[in-house]
Amino acid sequence: MRRTALMMIVLAWVGGCADTPRSGRRESVSRPPASTDQRLCHARLGAAGAAFTPLPDQYFGAGCATVGTIRLASVRSDSANLGLTHLGPVACPLAATVAAWARYGADRAALQILGSPLIAIETMGSYSCRTIAGTGRLSAHALAQAIDVSGFVLADGRRITVLGQWWAGSEPEQRFLRTVHASACKRFGTVLGPDYNGAHRDHLHLEFTGRSFCR
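Residues numbered from 1 in each chain as written. Predicted model: local features only at pLDDT ≥ 70, side-chain atom pairs only at ≥ 80, totals over all residues. Heavy atoms only, no water.

Student: Lay out the environment of Met 124 in plain terms, naming residues and giving numbers.
Tutor: Looking at where Met 124 falls in the secondary structure, it is placed in the loop between β7 (118-123) and β8 (146-154). Take Met 124: its relative accessible area is 45%, and that puts it in the partly exposed class. C-alpha of Met 124 to C-alpha of His 205: the two residues are 81 residues apart in sequence and 9.6 Å apart in space. Residues within four places of Met 124 in sequence aside, it is in contact with His 86, Asp 148, Ser 150, Asp 202 and His 203. (Helix = DSSP H or I, 4+ residues; strand = E, 2+ residues; numbered from the N terminus. Buried < 20%, exposed > 50% of the residue type's maximum accessible area, 1.4 Å probe, protein only. Contact = heavy atoms within 4.5 Å.)

Student: If you had to explain the packing of aromatic side chains to someone new, which residues and values would you point to?
Tutor: In total, this model carries five aromatic pairs according to the counting rule given. Ring centres 5.3 Å apart and planes at 35° place the aromatic pair Phe 60 and Tyr 127 in the tilted group. Of this pair, Phe 60 sits in strand β2 (residues 58-61) while Tyr 127 sits in the loop between β7 and β8, placing them 67 residues apart in sequence. According to the relative accessible area criterion, Phe 60 is partly exposed, its value standing at 33%. Cluster of aromatic residues (ring-pair linked, three or more members): Trp 101, Phe 152, Phe 176 and Phe 188. For the cation-ring pair, Arg 178 lies above Trp 166, with the distance from its terminal atom to the ring centre recorded as 4.2 Å. The lysine or arginine in question, Arg 178, covers the ring of Trp 167, its NZ or CZ lying 5.2 Å from the ring centre. (Phe/Tyr/Trp six-rings, centres within 6.5 Å; stacked < 30°, edge-to-face > 60°. Lys NZ or Arg CZ within 6 Å of the ring centre and 35° of its normal.)

Student: Please set out the nonpolar core residue by residue, giving values where relevant.
Tutor: If you look at the biggest cluster of nonpolar residues, it comprises 42 residues, and the most contacted ones within it are Trp 101, Leu 118, Phe 152, Phe 176 and Leu 206. Sort the elements by how many residues they give to this core and helix α3 (residues 92-114) lands first, with 13 residues. Beyond its immediate chain neighbours, meaning those up to four positions away, Phe 176 contacts Ala 106, Ala 109, Ala 110, Ile 113, Leu 114, Leu 118, Phe 152 and Ile 160. (Core = buried A, V, L, I, M, F, W, Y, C linked by side-chain atoms within 4.5 Å.)

Student: How would you explain helix α5 (residues 171-185) if you had to name every residue and give the values?
Tutor: A rise of 1.5 Å per residue sets the reference length of α5, with its 15 residues, at 21 Å; its end C-alpha atoms lie 21 Å apart and thus fit the reference within 8%. Burial in α5 covers these residues: Glu 173, Phe 176, Leu 177, Val 180, His 181, Ser 183, Ala 184 and Cys 185. (Expected span 1.5 Å × (residues − 1).)

Student: Please give an account of the state of the cysteines that cites residues and values.
Tutor: All told, the structure shown has three disulfides when counted by the stated rule. The disulfide partner of Cys 41 is Cys 92, and the gap between their sulfur atoms is 2.1 Å. The sign of the -105° torsion about the S-S bond sets the Cys 41-Cys 92 disulfide as left-handed. With Cys 41 in helix α2 (residues 36-47) and Cys 92 in helix α3, this residue pair connects regions lying 51 residues apart in the sequence. Cys 41 gets classed as buried once you look at its relative accessible area, which sits at 9%. For Cys 92, a relative accessible area of 1% corresponds to the buried category. Disulfide pairing places Cys 64 opposite Cys 129 at an S-S distance of 1.9 Å. Judged by the sign of its S-S torsion, about 75°, the cystine formed by Cys 64 and Cys 129 is right-handed. (Disulfide = S-S within 2.5 Å.)

Okay, structure coming up:
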């Protein structure tokens, strides 16, 4: 009897703890069924050879949210998988555009201009709850609608960065960076680079939203 009573007390204590949220921990959000647009976007990414994981919608307040996003692990070039560094949640349509640009714009430009394909694209991230510098307007990053690309790693071991080679690189390196910038301008809504202002001296801001603003 004593043992049975003790087990009942332990089970009651465990059950009570299971219903108590841990302090400071965000409760998980169950993922609703994907919309038709999301399913089509996921299919498009899969057909392009991208590796990705759908993420649950999250709302962070102050207008910041990650809705319909994925975690993009890699995209496909003509001959290999291209890794993506430091990339957080990305809106699926943006990810699909990045996948196409990486293959047809960046990787092919690297092979044609620098003589080597890419193996990775370095980024400075995607989602960030912040405003556009000097304004009160939310940045596209606050909705996971933009990524910042800082560099490219070639299969032959070279690393081409916006900060290091946009102005001071060799002629082929500078031509490569300006070519991938121009290619991005044909695909994304807003593209900002070192020619725009000092805040973009070390990266290319690739934004799905906007109306063909390219600097």
